[in-house]
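Each chain is listed here by its residues.
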Amino acid sequence: MAKTLVKNIGRLQTPIGNYSHKGDAQGENKKIDNTWILIEGEIITAIGEDNNIPSNLSDVDKEIDAFGGLVTPGLVDGHTHLIFSGFRQNEIVLKLKGASYLDILRSGGGILDTVRHTRKASAKELYIQAEEAVTEIMYSGVTTMEAKSGYGLDFDNEIKMLNVIKDLNENTKMSIVPTFMGAHAIPPEYEGKADDFIEMLCEEVMPYVKENELAKYCDIFCENSVFNVKQSERYLGKAKELGLGLRIHADEIEAIGGSKLAGEMKTSSAEHLISIDEEGLAAMAKGGTTAMCLPGTSFYLGVKFAPVREMIERNIPVAIATDYNPGSCPSFNLQFIMTLGYLKYRMTPEEILTAVTINPACALGMGKEIGTIEVGKRADLVIWDAPDMEMLCYRFGTDLAMNVIKKGVEIE
Ligand code: NIG
Ligand code: FE
């Protein structure tokens, strides 16, 4: 088995453990200065406490020099709409004229515009566009990401999207966790018949998705003018019955009860939570649901930011992610999202590291394998051209990932 030594690490910084970190633990990171990591095959097998490398490590097959930089676990982007055709730059002008996100959707644009393009695109076209994004995402330090369907909104096109995710997972170095999000919007053929659409998804698409192992999670957009709480409960209830994991876009624009449902159903995560209310906070804390907060979306939509300090105080584990999609966050730059976490959520650099590593890893059911730098975990690591986490949160717009190591191998 190939032995690789990562040497000259200026600072190793990582959360510890296989579980989601909440409250004070959200900000607990282990820091070791002047150290090294030994990797055997895909797995971390030893971590130094100082720069003195034991003599029995002289027989390694490869040495990677960190040049005194910071080393963290590979980042985890826990929420993306990676697969789509058609960016929506035209909406900028509509927004400048005062149209809101839901105004654009209600007039048949927004998500439905992307649905029209995605339905027309072949699987190959979708694959090529997403593969380019994945390559760039990986170079930026993300080694695991979630990806949703949701721009097909019918059997064939949702399955087409999920198959593209499967192919990307098999053929690129990125680990991609697939989520079925057929309930992302009401397609034109079901206008005024949202209940029937949900039934179709539950009875026709979801069982096929499960049987063919095309998704690990199901997600729904619970929002005014989209799907209500009752429809969300039916959809997530069916997912649970089939043994799929649950997540929910909740309180992105209005608090209609989505986060309360998330807590009650103990979903793995609830997404956005910009407008979360007291009931939602209490339910999520009780249910142990991770808050998947998406500050790039608040930034791009020009709306308020989720109350993350309150969530941490209330013992809700917090993850932050990009929400990469053509409508509400056309950026997949997780390092910029970290800056927003710091400036807009007022999170500390330690809390932020937890929010982009172990917490999303746990929300994706992968906390045992990834998300921290510990002996026995998978060697997904980033060497940064920065001395500390403070620098990463501060230098937005400059990609500081110097060297990305995936399953023990450097990404060329
Ligand atoms: O998470 N709000 C629902 N879904 C995405 C946006 C999708 C789009 O506008 O294309 C989100 O913000
Ligand atoms: Fe989203």
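What this report covers is the structure whose coordinates are included nearby.

Calculation rules
Residues numbered from 1 in each chain as written. Chains lettered and ligands numbered in written order. Predicted model: local features only at pLDDT ≥ 70, side-chain atom pairs only at ≥ 80, totals over all residues. Heavy atoms only, no water. Buried < 20%, exposed > 50% of the residue type's maximum accessible area, 1.4 Å probe, protein only. Helix = DSSP H or I, 4+ residues; strand = E, 2+ residues; numbered from the N terminus. Pairing = 2+ DSSP bridges. Axes fitted to C-alpha atoms, helices over the stretch in contact; angles between N-to-C directions. Contact = heavy atoms within 4.5 Å. Donors = N, O, S within 2.8 Å, 3.2 Å for Na, K, Ca; no water. Core = buried A, V, L, I, M, F, W, Y, C linked by side-chain atoms within 4.5 Å. Expected span 1.5 Å × (residues − 1). Bend = angle between axes of the 7 residues up to and from the residue.

### A few points about the pairing of strand 14 (residues 381–384)
- With burial as the criterion, each face of strand 14 is covered, one bearing L381 and I383 and the other bearing V382 and W384.
- Sheet topology places strand 5 (residues 70–73) next to strand 14; four bridges connect them, and they run antiparallel. Looking at the pairing, P73 lines up with L381 of strand 14.

### What to know about the sheet that holds strand 9 (residues 217–222)
- Spatially, the eight strands line up as an open sheet ordered 6-7-8-9-10-11-12-13, and their pairing is parallel. Pairing within the sheet leaves two strands with one partner each, and these edge strands are strand 6 (75–77) and strand 13 (318–320). Taking each pair of neighbouring strands and ignoring which way they run, the sheet shows an average axis angle of 25°.
- Bridge count between strand 6 and strand 7 (residues 142–148): three bridges; the pairing is parallel. When the bridges of strand 7 are listed, V76 appears paired with T144.
- Lying on the sheet, helix 4 (residues 123–139) is in contact with strand 7 and strand 8 (175–183); it crosses strand 7 at an angle near 140°.
- Across the sheet, helix 7 (residues 229–242) touches strand 8, strand 9 and strand 10 (245–250), and the angle it forms with strand 9 is around 180°.

### Quick look at the coordination of the iron ion (ligand 2)
- Protein coordination of the iron ion (ligand 2) is provided by H79 (NE2), H81 (NE2), H249 (NE2) and D323 (OD), with donor distances spanning 2.1 to 2.2 Å.
- Binding-site remark: the iron ion (ligand 2) is held by donors from one chain whose sequence spacing is H-x1-H-x167-H-x73-D. Here H79, found in the loop between strand 6 and helix 1 (91–96), pairs with D323, found in the loop between strand 13 and helix 12 (334–343); they are 244 residues apart in sequence, far enough to count as distant. An identical accessibility class is assigned to H79 and D323; each is buried.

### Some thoughts on the nonpolar core
- Core analysis: the biggest nonpolar cluster contains 101 residues, and L82, F180, Y235, M311 and I320 have the highest contact counts within it.
- Per-element accounting of this core gives the leading share, nine residues, to helix 6 (residues 194–211).
- If we ignore the near neighbours within four places in the chain, the residues touching I320 are C293, P295, L334, I337, M338, G341, Y345, M347, I352, A355 and V356.
- Of all hydrophobic cores here, the second largest spans 15 residues; its members include I9, L12, I32 and L381.

### Digging into unusual backbone geometry
- Residue H272 is not a glycine yet carries a positive backbone phi of 80°.
- Position of H272 among the secondary structure elements: in strand 11 (residues 269–272).

### A word on helix 6
- In this model helix 6 runs 25 Å from its N-terminal to its C-terminal C-alpha over 18 residues, within 8% of the 26 Å that 1.5 Å per residue would give.
- Along its length, helix 6 reaches its greatest deviation from straightness, about 35°, at V205, and the proline P207 lies no more than four positions downstream.
- Turning to helix 6, its buried residues are A194, F197, I198, M200, L201, C202, V205, M206 and V209.
- Each element contacted by the buried residues of helix 6 is listed here: helix 5 (155–171), strand 8, strand 9 and helix 7.
- Where helix 6 ends, the next residue or the one after it, E213, has phi of about 50°, a positive value.

Nothing here speaks to function; it is all geometry.
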